[in-house]
Amino acid sequence: MNVKNFNVAVVGATGVVGTAMIEILVERKFPVGKLVPLASENSLGKTVEFLGRDLPVEVLSKDSFSGVDIALFSAGNAVSREFAPIAAKAGAVVIDNSSAFRMEPDVPLVVPEVNPERIADYKNRGIIANPNCSTIQLVVVLKPLHDRFGVKRVVVATYQSTSGAGTEAMEELSKQTVALFSQGDVKTDVFPHRIAFNCIPHIDKFLEDGRTKEEAKVIFETRKILGDESVRVTATAVRVPVFYSHSEAVNIEFKSPVTPKDAREVLKSAAGIEIMDDPAKNVYPMAISSVGRDQVFVGRIRKDDSVENGLDMWIVADNLRKGAALNAVQIAEVLVKKHLNS
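The structure presented is a predicted model; accordingly, all values stated were derived computationally and were not measured.

**Q** If you had to explain the sheet that holds strand S14 (residues 310–317) to someone new, which residues and values would you point to?
**A** Strand order across the open sheet formed by six strands is S10-S9-S11-S14-S13-S12, with mixed pairing between neighbours. Strand pairing shows two members of the sheet lacking a second neighbour, strand S10 (232–239) and strand S12 (273–275), which therefore form its edges. Adjacent strand axes in the sheet meet at a mean angle of 25°, parallel and antiparallel pairs treated alike. Where strand S9 (residues 151–160) lies against strand S11 (residues 246–254), eight bridges are found, and the strand directions are antiparallel. Each residue of the ladder has a partner; that of Thr 158, found in S11, is Glu 248. Across the sheet, helix H6 (residues 260–268) lies against S12, strand S13 (296–304) and S14, angled at about 160° from S13, the strand it touches most.

**Q** With reference to specific residues and values, describe the packing of aromatic side chains.
**A** On inspection of all chains with the given rule, the structure shows four aromatic pairs. Between Phe 181 and Phe 197 the ring centres are 5.8 Å apart and the planes differ by 75°, which places this aromatic pair in the edge-to-face class. Here Phe 181, found in helix H4 (residues 167–181), pairs with Phe 197, found in the loop between H4 and helix H5 (213–226); they are 16 residues apart in sequence, far enough to count as distant. As far as the burial class goes, Phe 181 and Phe 197 line up, both exposed. The ring centre of Phe 101 lies 4.9 Å from the NZ or CZ of Arg 81, which sits over that ring.

**Q** Can you lay out a nonpolar patch on the surface for me, pointing to particular residues and giving the numbers?
**A** Taken together, the side chains of Phe 243, Tyr 244 and Val 291 define a hydrophobic patch exposed on the protein surface, amounting to about 240 Å² of accessible area. Along the chain, the position of Val 291 falls in the loop between helix H7 (287–290) and S13.

**Q** Would you mind going over the pairing of strand S6 (residues 70–73) in detail, with residue names and values included?
**A** When a strand is regular, its side chains alternate between the sheet's two faces. Here S6 shows two buried faces, one formed by Ile 70 and Leu 72 and the other by Ala 71 and Phe 73. For strand S1 (residues 6–11) and S6, the ladder comprises four bridges, and the chain directions are parallel. When the sheet's bridge partners are listed, Val 11 is paired in S6 with Phe 73. Of the pairings in the sheet, the one linking S6 to strand S7 (residues 93–96) comprises four bridges and is parallel in character. Looking at S7, one finds that Ala 71 is bridged to Val 94. In this region the chain leaves S6, passes through helix H2 (residues 77–89) and returns to the parallel neighbour S7; the handedness of that crossover is right-handed.

**Q** Just give me the short version of the nonpolar core, but keep the residues and values in it.
**A** Phe 65, Leu 145 and Met 313 are the most contacted members of the largest nonpolar core, which has 56 residues in total. In terms of residue count, helix H3 (residues 133–149) provides more of this core than any other element does, eight residues in total. Dropping the residues within four chain positions of it, Phe 65 is found in contact with Ala 9, Val 11, Leu 38, Leu 60, Ala 71, Phe 73, Phe 83, Ile 86, Ala 87 and Ala 90. Ranked by size, the runner-up nonpolar core spans 38 residues in total, among them Met 21, Val 110, Val 329 and Leu 340.

**Q** An account of the side chain of Ser 161 is needed here, citing residue identities and associated values.
**A** Here Ser 161 is to be found in the loop between S9 and H4. The exposure class of Ser 161 is buried, given its relative accessible area of 0%. Residues in contact with Ser 161, not counting those within four places in the same chain, are Arg 239, Val 240, Val 242, Phe 243, Tyr 244, Ser 245, His 246 and Asn 319.

**Q** Break down unusual backbone geometry for me, with residues and values.
**A** For Phe 197, which is not glycine, the phi dihedral falls at a positive 55°. If you check the backbone angles, Arg 300 has positive phi at about 50° while not being a glycine. Inspection of the secondary structure assignment puts Arg 300 in strand S13. Owing to a relative accessible area of 35%, Arg 300 belongs among the partly exposed residues under this scheme.

**Q** Run through the packing of H3 against helix H8 (residues 321–340), naming residues and quoting values.
**A** Helices that pack against each other are described as a pair by the angle of their axes relative to one another and the distance between those axes. Contact pair H3 / H8: the axes reach a minimum separation of 8 Å and the direction vectors enclose 85°. Our classification of the angle between H3 and H8 gives roughly perpendicular. Contacts from Cys 133, Ile 136 and Val 140 in H3 reach Lys 322, Gly 323, Ala 324 and Asn 327 in H8. Of the residues in the contact of H3 with H8, the class split is four nonpolar, two polar and one charged.

Rules behind the numbers
Residues numbered from 1 in each chain as written. Predicted model: local features only at pLDDT ≥ 70, side-chain atom pairs only at ≥ 80, totals over all residues. Heavy atoms only, no water. Pairing = 2+ DSSP bridges. Helix = DSSP H or I, 4+ residues; strand = E, 2+ residues; numbered from the N terminus. Axes fitted to C-alpha atoms, helices over the stretch in contact; angles between N-to-C directions. Contact = heavy atoms within 4.5 Å. Phe/Tyr/Trp six-rings, centres within 6.5 Å; stacked < 30°, edge-to-face > 60°. Buried < 20%, exposed > 50% of the residue type's maximum accessible area, 1.4 Å probe, protein only. Lys NZ or Arg CZ within 6 Å of the ring centre and 35° of its normal. Patch = residues over 30% accessible without salt bridge, like charges linked within 9 Å, V, L, I, M, F, W, Y side chains within 5 Å. Areas by Shrake-Rupley, 256 points an atom, 1.4 Å probe, with all protein chains shown as cover. Salt bridge = Lys/Arg side-chain N within 4 Å of Asp/Glu carboxyl O. Right-handed = clockwise from strand over helix to strand, strands pointing away. Core = buried A, V, L, I, M, F, W, Y, C linked by side-chain atoms within 4.5 Å. Parallel < 35°, antiparallel > 145°, perpendicular 65-115°, else oblique. Nonpolar A, V, L, I, M, F, W, Y, C, P; charged D, E, K, R; others polar.

Pasting the structure below:
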């Protein structure tokens, strides 16, 4: 059987997520006919490596999408708002990693392990939204538990790495750490406070109700992806001095009785999840053990006696992979297998 190849554009190809997208396309042997790396004028003259070749990065323009079948976007809201509709009009299916279209009712918000059937709705506008990184790892775990026991309420605190804010944020952590050890000047540009040896309970802008936009994303995206507005969600998003991987402390109240053993059994057979839960041997998910890996890791599963039918757990995933680039490529895989390869 001949497998059709697809021309793929990566918008934001020189960023941390764009770079990961290209790497994952190669790793997973995605049927790429031609790769078109796109970025701003700041990346003019740069190249990206793809299948052993150095491809020149092209400057993003309105004419960039001629002949492109799939466009992976990871260049921020403003770029997506302007160019995603242009790409879709040119005939590409856009998979957008920004928050620009996530909550629009006619744009599917997809995690392939959770709601792959929604990918078919790309036909509405030619755009599929990739969820927030923290939301993705949360719903991968919530979905099988919700199907079995019914999730009533979720309380989540996120501990998010600096890579979620981009290359400059990681560099700021590195430079501040060096400065502190060498008694140098600590400069703060990306974050509102020093990130080195600190935790900042502030990701994205504050809203009038006191939440941040990041917290609102987790709340509303979770409901949309689960397809259940009755699920109550509250979140606190914290930036921590870690380079890669997001961690989450999650408290779940269920409609039906559930034990930690019940939850483990359900999660063991769920797609995309790996259980790491043996506290007696100090086995539990950590940021450093999830880097470069595709699974969502779950551990510290325990009973919460403060509510009826409650569990606590700890969830960790590589935010650049499953939290962004991998999820986008997985969407593209379903897209070509079930919708574009006929």
